[in-house]
Each structure stands twice: as structure tokens, then as C-alpha cells.
Amino acid sequence: MNRYVFYNFMLVSFINLMLYVPHILIQYRYTGAVSSIVIGILIGTILVYLYTSAMARFPGKGLPEILKLYNPKWLVSIMMFFLAIMWWFATTVVVVAYAVLINRFFNPDANTIVILIMLVLACGYAATRSTLSVMFVVEIGLIINAPIILFVLFKAVRSTQLSWDAIHIVANYVTAMPTLSCIAAASFIFTGYINLSLFNRLLPPNFRFKFRFIYPLFGAMILLITFFVPIGFHGTEGVAQYIYVWSLTADSLLMQYGFIERVLFLFLIVYLNLTLVYTMSGWHQAMEFVKSSFPSYKPEIDSPQTPVSNYVIVGIFALLSVLYLVMTNEKINMQITSYWLIVRLFVEIGTVIWVFVLSRKGAKAA
């Protein structure tokens, strides 16, 4: 079962390439990004260890059930609605950005709204399935796509086009004071652990988290590659000209393997799969948080029939996502995402401390 925990961590670590995180860090490459990455790794590691330790004391229970054990139901309902909004936005900003990417790189003549509607219909239907089914889809999606992503990252690091001098120049700015925006962006790499808020329901009694040292090592490796590799390809100044910096970085790579020459198309197809999986997982969790605030709600990990409420809630998510695309543009989306990353950081810290305190209280009561 430990692999299911790592799947969620890996999924979010990979998806950060689509969430403007590299662009935000690169904008501050001379003014605190490097030191913020160090602090972000430290914060992420602490949160991972605290949350996994706390959730291990509540096997088979999600965050709603844990909070209801010790807090008033009205307070838990407010918290669940707020977390549902956070989870919905986390995935919506990714699927909206990918709809724009498809329009930009695959078919400029296509209507972005039509593309997004097709994506949200696929994600929405998958999100209405049971928690166990969603976890299986996440597993299959990562087994298929993760090796390709790791291969592309490996090729990028080993490429002769990579300028280590440019990387060294930026790394020398490690003494610049960190910024809150960069710390929030850097720590997002580690935020996959928070999906235990729902998927902890799948863990059996007496479950123990193993090999937790892998999480900070893997997260730090992906974060450093995410930040430094584009600088090595595009230079210390040229790298700041791109919003979707990793799409252009992938397009800088060439492979001589039969029909695969431009890595960009392989990269975008793989990230289409991950975007669908990530959005499905995020909407499913947001849906369960909304349902957990209903008085008659009983958590089920593998319900035989799909409740009508699933379709209603996810349908609202899909509609709001389309409206978000209509009402925003890339510049506004970037600004909102930057603010959301900061809010997310404080919400996660508060949630982790809250659950950790409750786990200590439960241990003393036992």
C-alpha cells in the first residue's frame, strides 16, 4: 500500500511543470529563488513527515472523519467546503493551462473552450467513480507515463546543449533573500502528501509508512531539475521570455528513435495523460469533501452504484472550470495561481498542524 501514497506524491511532483511553478521561480532567479528552493525543500520534508505520522494513527479514515471525532460538525463542514474549493482550483488551473497549450502547439485553429469542454467531460466522468477506482486509474496512469517523463528529464540533464555555466551563475545567487512567492511555489512539489486527506481511507489497520526518506529526495531532485534545466538550455536571460518554459525546453531536445524526433510532441501527449489523471483525482477529492459536509453522508471506498450527487457536484466543477477560462487570460491566470500557491502553503501548514495535534490527543486518550 505504500506505493499508493508515493503515486500521489509523484503525480503532483510531475504536474508542477504545468502549473507555472517553473515560470514563477525563474522570474525570481536573481532575487531569492535559489534560497527559496532550499527552504521549500525543508518545509516540504517537515510537512511530509508530520502528516504521514499523524495519518498513520487513523488508518481507514479520511480527513473529514478525523476532524469530526474532535470538532463540531459545523466547523468541519466549513473546512470541507473551503478545502473543496482549494482542490478544485488546483486541478482547474492545470486543465485550463493545458487546453491553452493544445491550442498553442497542436492546433492553433481550434477553439480553446471546445478543447476544455472535451477535457473536463473526460475528467468529470472519471472523477465520479469510487475512491478505489480513482486510485487504480492514478496507478495505471503513472506506470505508463512516469518512465517516459523520467527518461525525458534524464535526456535533458545529459544533453550536450545544457550550459552548466548558466546554471552555475544562477546558483551563485543562493545568498539572495528568499521570497514568499518562491517558497510557496517551491514547496508545491511536495504537496502530493496532502492527498492522504482522502486516500488514507484505503489504508488497512496497522498500516505503517515505509521509506519516507524517498519523498524529500525525489521531490528535491524534480525541483532542482525543474528550475535549473531550462536555465541551462535557454540561458540566464533568455529563459525569462517563456511562460510555458518546459514545453520550449522539451522542444529543444531531439531524439533519433524512429518516428520520435521532436520531444515536444511526446512530452505534450504524456502530460495530456497526467493532466487528465491529476484533474480526475483532484475533482474526486473535492467532491468527497463537499459530500462529507452532508448530515447523511457515509464514506465508501468502493460503492456498487454511483450516486446522483456525484454527477451533480462534478458537473458544477466542470461548469465553473469553463467559466474560469472564459473570464480569465494567461496573465490573470498567472497572477491568481501565484496568490493561490501562497494561500495553499498556509492552508497546508495549518491542516498538518491541526491533524498532528489531534493525533497526539488521540494517542494520549488511548
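Below is a short write-up of the structure. (Residues numbered from 1 in each chain as written. Predicted model: local features only at pLDDT ≥ 70, side-chain atom pairs only at ≥ 80, totals over all residues. Heavy atoms only, no water.)

Describing the overall build of the chain
On a plain count of helices and strands, the chain comes out with 15 helices and two strands. What you see for the chain is a C-alpha radius of gyration of 20 Å, in line with the 21 Å of a compact globule of 366 residues. Within the chain, residue pairs in contact and separated by at least 24 positions form 85% of the contacts whose partners lie at least 6 positions apart. Surface accessibility of the chain: about 15800 Å² in total, with carbon and sulfur atoms responsible for 68%. Distance from the positive charge centre (22 side chains) to the negative charge centre (12 side chains) of the chain: 15 Å. (Helix = DSSP H or I, 4+ residues; strand = E, 2+ residues; numbered from the N terminus. Rg over C-alpha atoms; globule rule 2.2 N^0.38 Å. Contact = heavy atoms within 4.5 Å. Areas by Shrake-Rupley, 256 points an atom, 1.4 Å probe, with all protein chains shown as cover. Lys, Arg positive; Asp, Glu negative; His and termini not counted. Charge placed at Lys NZ, Arg CZ, Asp CG, Glu CD.)

Description of empty space enclosed by the protein
Summed over the entire model, instances satisfying the criterion amount to four cavities of 30 Å³ or more. Lining the largest cavity are 19 residues, and of these Trp87, Ala90, Thr191, Ile194 and Glu348 sit closest to its centre. When residues of the lining of the largest cavity are traced back to their parent elements, those giving at least two are α5 (73–106), α13 (263–291) and α15 (330–365). Looking at the lining of the largest cavity residue by residue, the classes come out as 10 nonpolar, seven polar and two charged. There is about 70 Å³ of room inside the second largest cavity. Every residue along the wall of the second largest cavity is listed here: Leu17, Met18, Leu19, Tyr20, Pro22, His23, Leu101, Ile243, Tyr244, Val245, Trp246 and Ser247. (1 Å grid on protein atoms, 1.4 Å probe; cavity = no way out; pocket = protein on both sides within 12 Å on 5 of 7 lines; lining within 4 Å. Points joined across faces, edges and corners; volume = space filled by probe spheres on them. Nonpolar A, V, L, I, M, F, W, Y, C, P; charged D, E, K, R; others polar.)

A word on a nonpolar patch on the surface
Taken together, the side chains of Ile113, Ile117, Leu121, Val308, Val312, Ile316, Leu319, Leu320, Leu323, Val326 and Met327 make up a nonpolar region of the molecular surface, amounting to roughly 1000 Å² of accessible area. Elements supplying a minimum of two residues to the nonpolar patch: α6 (112–127) and α14 (308–327). Here the nonpolar patch gets eight residues from one element, more than from any other, and that element is α14. (Patch = residues over 30% accessible without salt bridge, like charges linked within 9 Å, V, L, I, M, F, W, Y side chains within 5 Å. Salt bridge = Lys/Arg side-chain N within 4 Å of Asp/Glu carboxyl O.)

Re helix α11 (residues 214–234)
With 21 residues, α11 extends 30 Å between its outermost C-alpha atoms, agreeing within 8% with the 30 Å of an ideal straight helix rising 1.5 Å per residue. Taken as a whole, α11 carries its principal kink of about 25° at Thr226; the proline Pro230 stands between one and four residues after it. Most of α11 sits out of view: 17 of its 21 residues are buried. Within two residues after α11, Gly235 carries a phi angle of roughly 90°, on the positive side. (Expected span 1.5 Å × (residues − 1). Bend = angle between axes of the 7 residues up to and from the residue. Buried < 20%, exposed > 50% of the residue type's maximum accessible area, 1.4 Å probe, protein only.)

Side note on the nonpolar core
Ranked by internal contacts, the top residues of the largest apolar core, which has 137 residues, are Phe14, Phe227 and Tyr271. The element contributing the most residues to this core is α5, with 20 residues. Those residues in contact with Phe227, other than ones at most four positions away along the chain, are Leu25, Ile26, Arg29, Ala33, Val34, Ile37 and Val170. (Core = buried A, V, L, I, M, F, W, Y, C linked by side-chain atoms within 4.5 Å.)

Focus: the layout of surface pockets
When its volume is computed, the largest pocket comes out at roughly 290 Å³. Along the walls of the largest pocket sit 22 residues, with Lys291, Glu300, Ser303, Pro307 and Asn310 positioned nearest its centre. Among the elements of the structure, α7 (131–158), α13 and α14 are those that each provide at least two residues to the lining of the largest pocket. For the lining of the largest pocket, the leading source of residues is α13, giving four residues.

Structural notes on α7
The terminal C-alpha atoms of α7, which comprises 28 residues, lie 39 Å apart, in line with the 40 Å expected from a rise of 1.5 Å per residue. Taking the largest bend as the criterion, α7 deviates by roughly 35°, centred on Asn145, and proline Pro147 comes between one and four positions later.

As for the environment of Arg104
If you trace the backbone, Arg104 turns up in helix α5. Taking relative accessible area as the criterion, Arg104 reaches 40% and is therefore assigned partly exposed. Along the primary structure Arg104 and Pro299 are separated by 195 residues, whereas in three dimensions their C-alpha atoms are 41 Å apart. In this structure Arg104 touches Tyr244 and Glu330, once residues within four positions along its chain are discounted.

Topic: the environment of Tyr311
Looking at the element boundaries, Tyr311 is found in helix α14. The exposure class of Tyr311 is partly exposed, given its relative accessible area of 40%. Taking C-alpha positions, Tyr311 is 9.0 Å from Ala127, a pair spaced 184 residues apart along the chain. The contact partners of Tyr311, leaving out residues within four places of it in the chain, are Thr128, Arg129 and Thr306. A polar contact is formed between the side chain of Tyr311 and the side chain of Arg129, at a distance of 2.8 Å. (Polar contact = N/O pair within 3.5 Å; in protein donor to acceptor, adjacent residues only side chain to side chain.)

Some remarks on unusual backbone geometry
The phi dihedral of Phe211 falls on the positive side, at around 55°, and the residue is not glycine. Relative to the assigned elements, Phe211 resides in the loop between α10 (196–199) and α11.

Regarding the packing of aromatic side chains
Within this structure, the stated rule accounts for 20 aromatic pairs. Members of the aromatic cluster, each reached through a chain of ring pairs, are Phe6, Phe9, Phe14, Phe190, Tyr215 and Phe218. Sitting over the face of the ring of Tyr125, Arg129 holds its NZ or CZ atom 4.3 Å from the ring centroid. (Phe/Tyr/Trp six-rings, centres within 6.5 Å; stacked < 30°, edge-to-face > 60°. Lys NZ or Arg CZ within 6 Å of the ring centre and 35° of its normal.)

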